[in-house]
Amino acid sequence: MSDTPVRPGRPSVRKLPRLPSAVRGLAPAPALRLSRPSDTWFKPALSVVVASAVPHLTLLAIGRLDMIVYTMAGSLCALYGHGLPYARRARAVAGVVLGMAAGLAVSLVTASLTGSTAVLIAVGALLAAVQKVLCDATRIGPPGHVIFTFVSSAALFAPQHLGQIPGHLALTLGAGAFAWLVALAPALVRREGPERRAVARALEAAAVCAADPGPRNRDAADPGPRNRDAAEPGPRNRDAADPGPRHHDAADPGSRHRHAAAAAVHAAWQCLLASGRPTPVRRSLERLVVHAEAAFVAPGPGRGAGAADPERLRAWAALTRGRGPVPTPPPAPGTADELYGIDAERAVLRAREGRRAARRALLRRLGPGSPLLPVAVRTLIGCALAGYLCAALGVGRPYWAIVTAASLYQANLTLSWNRTLQRTLGNLLGVLVFAAVLPVSRISPLALVCCCLFFGFAAEALITRNYWLGSVAVTPMALLVLEFGGAHPAGELIGDRVVDTVLGAATGFLAATLVTNRRATGRVEQALDATDRARAAAERTVADPAAAPTERDRARRALTASLVELREAGDTAAGEWWQRALPEQRLLAAERAGHRTLAATAPRRGPTAHAPSIGAE
């Protein structure tokens, strides 16, 4: 046996593996943090109160408060479309009313034909999945599918006869028609209100970008050796230098500002394109977006000739958001060509071929291979599991569990986890509020109606701060609706709501974890290819001296739209788990290259632009 001394080695330290971004995003504190209220929070809040008050008080006057559940289905349609110009809002809200009536009809017919709880839960889960995928595909916006699921699931468990269905649907359609009028009524006072708010947001985002373009802007404009390392990841760069686009954003506020400005400018153009005929006000708004666009594609913190002035942009935003006349920006070379191109693009969208292209895009979002389908499967499985589990435990209202599970499903697993925390906390606090207000609501039928209207307003006023805060008001309103059909024991209502909330949240998130969305990475790859094509087209128009200004502007807007879609796809995929690795380096390189190409158009944009860079060191 050898007596060679053994040198004590240093204890080996195993480096812990880095957690996926989806796991790192599950911390509860950010999900529950309050944010600033939306600048338009009062619009849906007032709309739903007005749209509900007239049917509620009418039914109170004739002594038929038991019919409120059907009129409420139509009144809640007033929550939709508040970010759309009125021309598109009219079509969108009309579609919401018809969709609400269709879902309600399916539920009422099912309830009248069968009393099997198993069948009712299955139909409720299927309706929730269909409503989820349709709302996501049409991009109707908040409150999304939750209102549809709430109405259709509640109707499934309401006693019903086939002969009553036409009358109940007539109540829903009548209240929905009134909600349509309420949603469009502000057009009589301020016809371009939605467009003005969208342009004001674009100006404010561009001002932030111009004031703080970020320390890496020169890299984006000058792809020297250091910037090439980011575009060509080697082992050193992949492991240490660049942890990926999400972390790049955290270290570079200027990148976040550029992406926020790009999204706001793109949203403003889309809003103006969807508006009605050009008016002098809309013309001024289009000129303001031209200046906002120039400020974000080539921002600069300096105040030299041609530099974007953040204070001027903020001043324009304040005037645009106000009730006075829209500010008239100084003329910029190329603006007339851009506005001509906007008119041509608007004409194409309104033509038959433009409508066909929009329908084809919708069908692609609904077709095989769509990243929306795994989310629909999550919704179907989660709602079914929640409903069946509550029924097995003897809970009297399993549709509450279905609605709870349906409300959780967001674009990815991380956001679904956040919504799980928010929904659970809000509902548990909400039952305490319900217990406190129930004696007041039972003073008289009028007191009950007023309590429901109050909580409807409070829900929309608070939900933009955080979803859990809005749920504190939604929960007592949903419980008070049951009182219109007759008084129920408070303890039974509170107990059922707590059990349904906990079981619905637990089974819903379990389904989200088990049903992975592995198509999210594929969506990123498709967005990368689309961005490369849009960038190549924009570079060709910039390099071609014979290219028409309208063609160049259209290519630039297409590139901006592709960058917005790329960022949305990347953020969605980063919040998923158990999928292929994200092409983070390619994603980062594509975003930088896209912004360089946008900056290359800046010298042609007039006095608001300056040197083609994304910022300064």
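Residues numbered from 1 in each chain as written. Predicted model: local features only at pLDDT ≥ 70, side-chain atom pairs only at ≥ 80, totals over all residues. Heavy atoms only, no water.

### Considerations on the overall build of the chain
Stage number 1. The helix and strand inventory of the chain stands at 27 helices and 0 strands.
Stage number 2. Counting all 617 residues of the chain, 52% fall into the buried class.
Stage number 3. A fraction of 82% describes how many contacts in the chain between residues 6 or more apart in sequence connect residues 24 or more apart.
Stage number 4. Put simply, the chain shows about 27,200 Å² of open surface, and 65% of that area lies on carbon and sulfur atoms. (Helix = DSSP H or I, 4+ residues; strand = E, 2+ residues; numbered from the N terminus. Buried < 20%, exposed > 50% of the residue type's maximum accessible area, 1.4 Å probe, protein only. Contact = heavy atoms within 4.5 Å. Areas by Shrake-Rupley, 256 points an atom, 1.4 Å probe, with all protein chains shown as cover.)

### Considering the pattern of salt bridges
Stage number 1. Applying the stated criterion across every chain yields a total of 14 salt bridges.
Stage number 2. Among the ionic pairs, Arg-397 bridges to Glu-492, the shortest N-O distance being 3.5 Å. With Arg-397 in the loop between α19 (372-392) and α20 (398-408) and Glu-492 in helix α24 (residues 490-514), this pair connects stretches of sequence that are 95 residues apart.
Stage number 3. Given a relative accessible area of 10%, Arg-397 falls into the buried group. (Salt bridge = Lys/Arg side-chain N within 4 Å of Asp/Glu carboxyl O.)

### Describing the packing of aromatic side chains
Stage number 1. Counted by the stated rule, this structure contains 7 aromatic pairs.
Stage number 2. Taking 6.0 Å as the distance between ring centres and 90° as the angle between the ring planes, the aromatic pair formed by Trp-41 and Phe-42 counts as edge-to-face.
Stage number 3. A residue is classified by how much of its surface remains accessible, and Trp-41, at 29% relative accessible area, is partly exposed.
Stage number 4. Between Tyr-80 and Phe-148, the aromatic rings sit 5.6 Å apart at their centres with planes inclined by 55°, giving tilted as the arrangement. Placement of the pair is Tyr-80 in the loop between α4 (68-75) and α5 (86-113) and Phe-148 in helix α7 (residues 146-156), with a sequence separation of 68 residues.
Stage number 5. Ring pairs connect the aromatic residues Trp-41, Phe-42 and Phe-457, which therefore count as one cluster.
Stage number 6. The ring of Tyr-467 has Arg-419 lying over it, and the distance from NZ or CZ to the ring centre is 3.9 Å. (Phe/Tyr/Trp six-rings, centres within 6.5 Å; stacked < 30°, edge-to-face > 60°. Lys NZ or Arg CZ within 6 Å of the ring centre and 35° of its normal.)

### A word on the side chain of Asn-427
Stage number 1. One can find Asn-427 in helix α21 (residues 413-441).
Stage number 2. Judged by relative accessible area, Asn-427 falls into the buried class, the value being 2%.
Stage number 3. Once residues within four sequence positions are removed from consideration, Asn-427 is found in contact with Thr-404, Ser-471, Thr-475, Arg-497 and Thr-501.

### Regarding helix α3 (residues 42-62)
Stage number 1. Taking 1.5 Å per residue as the helical rise, α3 with its 21 residues ought to reach 30 Å, and the 30 Å between its terminal C-alpha atoms agrees with that figure.
Stage number 2. A maximum bend of about 25° is found in α3 at Ala-53, where proline Pro-55 lies one to four positions downstream.
Stage number 3. All of the buried residues in α3 are Pro-44, Ala-45, Ser-47, Val-48, Ala-51, Ser-52, Ala-53, Pro-55, His-56 and Leu-59.
Stage number 4. Summarising the contacts, the buried residues of α3 are in contact with α4, α8 (165-184) and α22 (445-462).
Stage number 5. Phi turns positive one or two residues past the end of α3, at Gly-63, with a value near 75°. (Expected span 1.5 Å × (residues − 1). Bend = angle between axes of the 7 residues up to and from the residue.)

### Focus: the environment of Val-50
Stage number 1. Relative to the helices and strands, Val-50 resides in helix α3.
Stage number 2. A C-alpha to C-alpha distance of 7.3 Å links Val-50 and Val-182, two positions 132 residues apart in sequence.
Stage number 3. Ignoring anything within four residues of it in the chain, the contact list for Val-50 reads Phe-178 and Val-182.

### Looking at the side chain of Gln-131
Stage number 1. With respect to the secondary-structure elements, Gln-131 resides in helix α6 (residues 117-138).
Stage number 2. By relative accessible area, which is 9% here, Gln-131 ends up buried.
Stage number 3. Of the polar contacts made by the side chain of Gln-131, one reaches the side chain of Thr-149; its length is 3.1 Å.
Stage number 4. Once residues lying within four places of it in the same chain are set aside, the contact partners of Gln-131 are Gly-103, His-145, Phe-148, Thr-149 and Ser-152. (Polar contact = N/O pair within 3.5 Å; in protein donor to acceptor, adjacent residues only side chain to side chain.)

### Overview of a nonpolar patch on the surface
Stage number 1. Residues Leu-126, Val-130, Leu-134, Val-377, Leu-380, Ile-381 and Leu-385 make up a contiguous nonpolar surface patch of about 530 Å² in total accessible area.
Stage number 2. Elements represented by at least two residues in the nonpolar patch include exactly α6 and α19.
Stage number 3. When residues in the nonpolar patch are grouped by element, the largest group, 4 residues, is from α19.
Stage number 4. If you trace the backbone, Leu-134 turns up in helix α6. (Patch = residues over 30% accessible without salt bridge, like charges linked within 9 Å, V, L, I, M, F, W, Y side chains within 5 Å.)

### Here we look at the packing of α3 against α22
Stage number 1. The geometry of α3 relative to α22 is characterised by a closest axis approach of 8 Å and an angle of 165° between their N-to-C directions. Classified by the angle their axes make, α3 and α22 are roughly antiparallel. When you trace α3 past α22, the crossing you get is right-handed. Residues Pro-44, Ala-45, Leu-46, Val-48, Val-49, Ser-52, Ala-53, His-56, Leu-57 and Leu-60 of α3 lie in contact with α22, whose contacting residues are Pro-445, Leu-446, Val-449, Leu-453, Gly-456, Phe-457, Glu-460 and Ala-461. (Axes fitted to C-alpha atoms, helices over the stretch in contact; angles between N-to-C directions. Parallel < 35°, antiparallel > 145°, perpendicular 65-115°, else oblique. Left-handed = near helix turned anticlockwise from the far one by under 90°.)

### Topic: unusual backbone geometry
Stage number 1. Residue Pro-142 is joined to Pro-143 through a cis peptide bond whose omega torsion reads 0°.
Stage number 2. Its place among the elements puts Pro-143 in the loop between α6 and α7.
Stage number 3. Positive phi is not limited to glycine here, since Arg-139 has a value of about 55°.
Stage number 4. Here Arg-139 is to be found in the loop between α6 and α7.
Stage number 5. With a relative accessible area of 54%, Arg-139 lands in the exposed category.

All we've got here are geometric facts, nothing functional implied.
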